[in-house]
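Chain by chain, the residues:
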Amino acid sequence: IAAGYLPERTRKGVLREFNVRFGQRGRPSLDFSFIEIAGEDIRTIVPTATQKHPRLHEHLERYLRQKGVNKRFVFVSDSSRNRLGKGRLEEDLLFDTLIRYLLSDTGIGLKTLNLLFIAAKWDVVRNEYKSDAQYFRTNFPQTRSTIKASPRIRASYMPFSVGEVVLEKRENGESVAKLKSIERRYVEILINWIYHTFTQRELKGYPKVTVSFWDRVRDYFP
């Protein structure tokens, strides 16, 4: 990453854990573990004709069932695939099924859910939608219906672009993705959301997670 190269995708069957700590002077420090898993191991939750009682990856299932662990969930949608008017709702089915499983007594049985939905690769589709809110309304009707019907779910939404990515050709003919520049504002919003949901406070100098009435007034009259 320091050299500008994106890491390889997490392989199927592999659960990766990152231990993180951050904070600021005058703010409590936050320690948490970040669990990342391949999309293939999440998609097993969707029922099929041959799999009537689907389950998650066993290691992820064991982690989610741990008692006393304060959890947050980040659902990442590939907005370059879920394009306006294409009628592709696979991710909507996946997210809705996963949310129901997390809350169900026959599933994980969580009492509450703090969710952040991210429209990744936003730079590809930003001209196709008026806002990230319209993107999620258009492409995730069932998921949003489930969220609105449950008082146990607290959901937030944001667009995300990692920055400018270029393909670099190597001597063996392979092309690798290299990060030319980072779009820091999206990263800062994500960091502040994580920090705020755990501490109920916000980091100084970062984009606000909670927007007050006066903030909306100020934005309306630039």
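Note that the coordinates shown come from a computational prediction; the quantities given were computed from them, not determined experimentally.

1. A look at unusual backbone geometry
Then, number 1: A positive phi is found at K121, a non-glycine position, where the angle reads about 55 degrees.
Then, number 2: Relative to the assigned elements, K121 resides in the loop between β4 (113-120) and α4 (122-125).
Then, number 3: When its relative accessible area of 43% is taken as the criterion, K121 is described as partly exposed.

2. What to know about the pattern of salt bridges
Then, number 1: Under the criterion given, the structure shown has eight salt bridges.
Then, number 2: The salt bridge involving D31 is made with R21; its shortest N-O contact spans 2.7 Å. Here D31, found in strand β2 (residues 30-37), pairs with R21, found in strand β1 (residues 15-22); they are ten residues apart in sequence, far enough to count as distant.
Then, number 3: For D31, a relative accessible area of 46% corresponds to the partly exposed category.
Then, number 4: For R21, a relative accessible area of 63% corresponds to the exposed category.
Then, number 5: The partner of E168 in a salt bridge is K178, and the shortest N-O contact between them spans 3.8 Å.

3. Side note on the packing of aromatic side chains
Then, number 1: Taken as a whole and judged by the stated rule, the model has 18 aromatic pairs.
Then, number 2: Measuring from ring centre to ring centre gives 6.4 Å for F18 and F34, while their planes differ by 55 degrees; the resulting arrangement is tilted. With F18 in strand β1 and F34 in strand β2, this pair connects stretches of sequence that are 16 residues apart.
Then, number 3: Positioned over the ring face of F198 is R72, at 4.3 Å from the centre of the ring.

4. Topic: the confidence of the model for the protein
Then, number 1: The predicted model of the protein averages 83 in pLDDT, with 89% of residues at 70 or higher.
Then, number 2: By mean pLDDT, the top-scoring element of the protein is helix α6 (residues 141-149) (94), and the lowest-scoring one is helix α8 (residues 213-220) (53).

5. Regarding the nonpolar core
Then, number 1: Counting 43 residues, the largest nonpolar core has F73, F75, I99, L102, L113, L115 and F117 as its most contacted members.
Then, number 2: Excluding residues that lie within four positions of it along the chain, F117 makes contacts with F75, F95, I99, F136, T143, I147, A155, S156, Y157 and M158.

6. Digging into the environment of R185
Then, number 1: Inspection of the secondary structure puts R185 in helix α7 (residues 184-199).
Then, number 2: Classification of R185 as partly exposed rests on a relative accessible area of 42%.
Then, number 3: When near neighbours in sequence (up to four residues on either side) are disregarded, R185 contacts R126 and P207.
Then, number 4: Within the structure, R185 has its side chain in polar contact with the side chain of Y186 (distance 3.3 Å).

7. Some remarks on the side chain of E202
Then, number 1: Here E202 lies in the loop between α7 and α8.
Then, number 2: At 6.5 Å, K208 is the nearest oppositely charged side chain to E202, a buried residue that forms no salt bridge.
Then, number 3: At a separation of 3.2 Å, a polar atom in the side chain of E202 contacts the main-chain amide nitrogen of V209.
Then, number 4: With residues near it in sequence (within four places) discarded, E202 still touches R27, N192, Y195, H196, K208, V209 and T210.

8. A look at the environment of Q134
Then, number 1: With respect to the helices, strands and loops of the structure, Q134 is situated in helix α5 (residues 132-139).
Then, number 2: Setting aside chain neighbours within four positions, we find Q134 in contact with E128 and Y129.
Then, number 3: At 2.6 Å, the side chain of Q134 and the backbone nitrogen of K130 are in polar contact.

9. Description of the packing of helix α3 (residues 90-103) against α6
Then, number 1: Look at α3 against α6: their axes get within 7 Å of each other, and the N-to-C directions meet at 25 degrees. It follows from the interaxial angle that α3 and α6 lie roughly parallel. On α6, the residues touching D92, F95, D96, I99 and R100 of α3 are P141, Q142, T143, T146 and I147.
Then, number 2: In terms of residue class, the contact of α3 with α6 is built from four nonpolar, three polar and three charged.

10. Points about α5
Three or four residues apart is the spacing at which side chains of an α-helix point the same way, because the helix has 3.6 residues per turn.
Then, number 1: Listed as buried for α5 are D132, Y135, F136 and N139. Looking straight down α5, one finds its buried side chains confined to an arc of 90 degrees; they lie on one side.
Then, number 2: Looking at the buried side of α5, the elements it contacts are β3 (73-78), α3, β4, α4, α6 and β5 (153-159).
Then, number 3: Taking the backbone nitrogen of A133 as reference, a side-chain oxygen 3.4 Å away marks S131 as the first, capping residue of α5.

The rules behind the values
- Residues numbered from 1 in each chain as written.
- Predicted model: local features only at pLDDT ≥ 70, side-chain atom pairs only at ≥ 80, totals over all residues.
- Heavy atoms only, no water.
- Helix = DSSP H or I, 4+ residues; strand = E, 2+ residues; numbered from the N terminus.
- Buried < 20%, exposed > 50% of the residue type's maximum accessible area, 1.4 Å probe, protein only.
- Salt bridge = Lys/Arg side-chain N within 4 Å of Asp/Glu carboxyl O.
- Phe/Tyr/Trp six-rings, centres within 6.5 Å; stacked < 30°, edge-to-face > 60°.
- Lys NZ or Arg CZ within 6 Å of the ring centre and 35° of its normal.
- pLDDT = per-residue confidence, 0-100.
- Core = buried A, V, L, I, M, F, W, Y, C linked by side-chain atoms within 4.5 Å.
- Contact = heavy atoms within 4.5 Å.
- Polar contact = N/O pair within 3.5 Å; in protein donor to acceptor, adjacent residues only side chain to side chain.
- Lys, Arg positive; Asp, Glu negative; His and termini not counted.
- Axes fitted to C-alpha atoms, helices over the stretch in contact; angles between N-to-C directions.
- Parallel < 35°, antiparallel > 145°, perpendicular 65-115°, else oblique.
- Nonpolar A, V, L, I, M, F, W, Y, C, P; charged D, E, K, R; others polar.
- Arc of directions from axis to C-beta.

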